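A closer look at the structure
Each chain, letter by letter, is given below.
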Amino acid sequence: MNDDGTRPAGEVGPDVGMGKVDPEMARKFQEEAVRVVKAGEEQGVHLRVIGALAFWHHCPQFGYLQEKLNRVYTDIDFAGYGKQDQQIRKFFVSIGYDEDIEINAFHAEGGRLIFNNPTNHIHVDVFMDKLDFCHPIPWKGRLEVDTPTIPLAELLLEKMQIVKINEKDIIDTIMLLLEHEIDANDEDKINSQRVAKLCAGEWGLWRTTTMNLEKVRDYLPHLDLDDAHKQVVTTRVAELMSAMDDYPKGTRWKLRARVGDKVKWYNEID
């Protein structure tokens, strides 16, 4: 996965995913992502887009913010189900991709598959059942909720789980918050109850998510948006924080909260 949107800053070079935007090349990635999802559905394979392309798809009005940062696509990242491992392998071969058998064998236990298309030279990563970097973000039973991307709640948490969040991740999050209301359902909304439930299940994810939502809010004065749009983001951040605060927490969560930042609360990325 070359898009550093799911990795802590410093784990990859600062210029990854940045450069002069080639509209034709960008369109090739955008169209291929949708083609793969649709072709997968025809074969009973559930694949959903994650990463920068997913944010572009869901943010038609404010996608220009990515362009202003000179965001370029370097690969396509998909979410899949581990139970469909063999189906996914056969599917990608059937639509013209070569499987990186050696790398896939290495990542087998980590739930990640890699493919390369010799015709259009597009590289693909498929993450099974969850994204697992600083904090695990699971999507078992959730891929049917939205298409062609993962649900908006998980899309938000894809960015919010990054401990050392960078400007690109914050911009993507602001785009998403501008385009979508906060509600307790997935009907083109950011499902606050899903976000709150996952954060109530792990204090560390709650800690990182609240920390990053505050950074999103604090970044707004540096962004070329009118005051009304900034207020929309501020309000939606507050709504998410409120939902997370109100969601019932278990004893384990409360005990870990007492320890706080004295003990590292996230996974290091190799």
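Each chain carries its own residue numbering, running from 1 in the written order of its sequence. In keeping with the predicted nature of the model, local features appear solely for residues at pLDDT of at least 70, side-chain atom pairs appear and are counted solely at 80 or more, and the whole-chain, interface and lining totals rest on all residues. Excluding hydrogens and water, the side-chain figures rest on all heavy atoms present in the structure.

The next subject is the overall build of the protein. Along its length, the protein carries 11 helices and 9 strands. Taking 2.2 N^0.38 as the reference for a compact globule, 270 residues should give roughly 18 Å; the C-alpha atoms of the protein span a radius of gyration of 18 Å, in line with that estimate. Burial classes follow relative accessibility: with a 1.4 Å probe on protein chains only, a residue under 20% of its type's maximum area counts as buried, one over 50% as exposed, and anything between as partly exposed. Within the span of the protein, comprising 270 residues, buried residues form 54% of the whole. What makes two residues a contact is simply this: any of their non-hydrogen atoms within 4.5 Å. A separation of at least 24 residues holds for 73% of the contacts in the protein among residues at least 6 apart in sequence. By element, 50% of the accessible surface of the protein is carried by carbon and sulfur atoms, the whole surface being about 12600 Å². His is not counted here, nor are the chain ends, while Lys and Arg score as positive and Asp and Glu score as negative. The atoms used to mark charge sites are NZ of Lys, CZ of Arg, CG of Asp and CD of Glu. Between the averaged position of the 34 positive side-chain charges in the protein and that of its 47 negative side-chain charges there is a distance of 5 Å. Each helix corresponds to a stretch of at least 4 residues labelled H or I by DSSP, and each strand to a stretch of at least 2 residues labelled E; elements are numbered beginning at the N terminus. Put simply, the radius of gyration uses C-alpha atoms, and a globule should come to 2.2 Å times the residue count raised to 0.38. In this description, accessible areas are obtained by the Shrake-Rupley approach with a 1.4 Å probe, and a residue is regarded as covered only by the protein chains that are shown.

Here we take up empty space enclosed by the protein. Lining residues are defined by having an atom within 4 Å of a point belonging to a cavity or pocket. Those points lie on a 1 Å grid over the protein atoms alone, cavities being sets where a 1.4 Å probe fits but cannot get out and pockets being open sets with protein on both sides within 12 Å along at least five of seven lines. Grid points are joined across faces, edges and corners, and a volume is the space filled by probe spheres set on the points. All told, the structure shown has 3 cavities of 30 Å³ or more when counted by the stated rule. Considered as a void within the structure, the second largest cavity measures approximately 50 Å³ in volume. Every residue lining the second largest cavity is listed: Gln-30, Ala-33, Val-34, Val-49, Leu-53, Trp-56, His-57 and Pro-148. At the level of secondary structure, the elements contributing two or more residues to the lining of the second largest cavity comprise α1 (23-42) and α2 (52-58).

With that settled, consider the layout of surface pockets. Its volume calculated, the second largest pocket comes out at about 240 Å³. Considering the residues around the second largest pocket, the lining is formed by 16 residues, among which Gly-201, Glu-202, Trp-203, Gly-204 and Arg-256 are closest to the centre. Going through the elements one at a time, α8 (192-201), α9 (203-219) and α11 (251-259) are the ones with two or more residues in the lining of the second largest pocket. Top contributing element to the lining of the second largest pocket by residue count: α11, with 3 residues.

Grouped together as the largest cluster of nonpolar side chains are 81 residues, with contacts concentrated most on Leu-47, Phe-78, Ile-88, Phe-92, Val-124, Val-126 and Ile-174. Sequence-distant contacts of Ile-174, that is, excluding residues within four places in its chain, are made with Val-216, Tyr-219, Leu-220, Leu-223, Leu-225 and Val-233. Nonpolar core, defined: a set of buried Ala, Val, Leu, Ile, Met, Phe, Trp, Tyr and Cys residues in which side-chain atoms within 4.5 Å join the residues together.

With respect to topology, 5 strands assemble into an open sheet ordered β1-β2-β5-β4-β3, the strand pairing being mixed. Each edge of the sheet is formed by a strand with only one pairing partner; in this case those strands are β1 (48-50) and β3 (98-99). Criterion used throughout: strands pair if DSSP finds at least two bridges between them. One ladder, built from 3 bridges, connects β1 with strand β2 (residues 76-80); its direction is antiparallel. Each bridged residue has a counterpart across the sheet, and for Ile-50 the counterpart in β2 is Asp-77. What counts as an axis is a line fitted to C-alpha atoms, over the stretch in contact for a helix, and the angles between N-to-C directions run from 0 to 180 degrees. Together, β1 and β2 form the strand contacts of α1, whose direction differs from that of β2 by roughly 25°.

The first and last C-alpha atoms of α9 sit 24 Å apart over 17 residues, in line with the 24 Å expected at 1.5 Å per residue. A large share of α9 lies buried, amounting to 12 of its 17 residues. Burial in α9 covers these residues: Trp-203, Gly-204, Leu-205, Trp-206, Thr-208, Thr-209, Thr-210, Met-211, Asn-212, Leu-213, Val-216 and Tyr-219. The inward-facing, buried residues of α9 contact β7 (136-138), α6 (152-160), α7 (167-179), α8, α10 (227-246) and α11. The span one expects for a helix is its residue count, reduced by one, times 1.5 Å.

What follows deals with the confidence of the model for the protein. What pLDDT reports is the predictor's confidence in each residue, on a scale of 0 through 100. Of all residues in the protein, 90% have pLDDT values of 70 or greater, and the mean over the chain is 91. Long-range and interchain partners of residues 2-15, a stretch whose pLDDT sits below 50, account for 41 contacts in this model, where long-range means more than four residues apart.

Turning our eyes to something else, we now look at α6. Buried residues dominate α6, accounting for 9 of its 9 residues. If you check which residues of α6 are buried, you get Leu-152, Ala-153, Glu-154, Leu-155, Leu-156, Leu-157, Glu-158, Lys-159 and Met-160.

Moving on: unusual backbone geometry. With an omega of 5°, the peptide bond between Thr-147 and Pro-148 qualifies as cis. Relative to the helices and strands, Pro-148 is located in the loop between β7 and α6. Of note in the backbone geometry, Asn-70 takes a positive phi value of approximately 60° without being a glycine. Taking relative accessible area as the criterion, Asn-70 reaches 39% and is therefore assigned partly exposed.

What follows deals with the side chain of Gln-30. With respect to the helices, strands and loops of the structure, Gln-30 is situated in helix α1. For Gln-30, a relative accessible area of 15% gives the class buried. With residues near it in sequence (within four places) discarded, Gln-30 still touches Leu-53, Trp-56 and Tyr-73.

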